[in-house]
Amino acid sequence: QVQLVESGGGLVQAGGSLRLSCAASGRTFSRYTMGWFRQAPGKEREFVACITWSGGITPYADSVKGRFTISRDNGKNTVYLHMNSLKPEDTAVYYCAASGTYYLGRRVLEYDYWGQGTQVTVSS
């Protein structure tokens, strides 16, 4: 069982930056691929980025590539999402997720555990 708690969301102007954190419980954190997803009002939850257990592979959605960076610290049971050059279209609730099965999961169904989400609002 893994419990995930996101933090770091907030209101930021376009062009600004935020760092999201996701703290995980459980001693097997390092065995999970960790992902970030987001959901805007009226839209489906979409993949943002994920990171393999070693941190060696980090695929991104095309919409955030070059602006967002995912990282993890297995010693602290924490995964991060560094977001730069934020745009109003990045406004959404951001969710952290853990997958014990899929190495490079990009779909919601491929993740076993989810956090409660943190709101990111980018003003123009």
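Colleague: Lay out the overall build of the protein chain with the relevant residues and their values.
Modeller: When helices and strands are tallied, the protein chain shows 0 helices and 10 strands. By its C-alpha atoms, the protein chain is 40 × 25 × 25 Å across when sized along the principal axes. Counting over 124 residues, the protein chain shows a buried share of 45%. Relative to all contacts within the protein chain whose residues are 6 or more apart in sequence, the contacts with residues 24 or more apart total 58%.

Colleague: Tell me what's going on with unusual backbone geometry, and back it up with residues and numbers.
Modeller: Even without a glycine there, the phi angle at asparagine 77 is positive, about 50°. Positive phi, normally seen in glycine, also occurs at serine 85, with a value near 50°. Looking at the secondary structure, you find serine 85 in the loop between β7 (78-83) and β8 (92-99). Here serine 85 falls in the partly exposed class, since its relative accessible area comes to 41%.

Colleague: Describe in detail the state of the cysteines, supporting the description with residues and values.
Modeller: One pass over the full model with this rule turns up 1 disulfide. Residue pairing for cysteine 22: its cysteine sulfur links by disulfide to cysteine 96, the two sulfurs lying 2.1 Å apart. What sets the handedness of the cysteine 22 and cysteine 96 disulfide is the S-S torsion sign, and at about -75° it is left-handed. Placement of the pair is cysteine 22 in strand β3 (residues 18-24) and cysteine 96 in strand β8, with a sequence separation of 74 residues.

So, how was this worked out
- Residues numbered from 1 in each chain as written.
- Predicted model: local features only at pLDDT ≥ 70, side-chain atom pairs only at ≥ 80, totals over all residues.
- Heavy atoms only, no water.
- Helix = DSSP H or I, 4+ residues; strand = E, 2+ residues; numbered from the N terminus.
- Buried < 20%, exposed > 50% of the residue type's maximum accessible area, 1.4 Å probe, protein only.
- Contact = heavy atoms within 4.5 Å.
- Disulfide = S-S within 2.5 Å.

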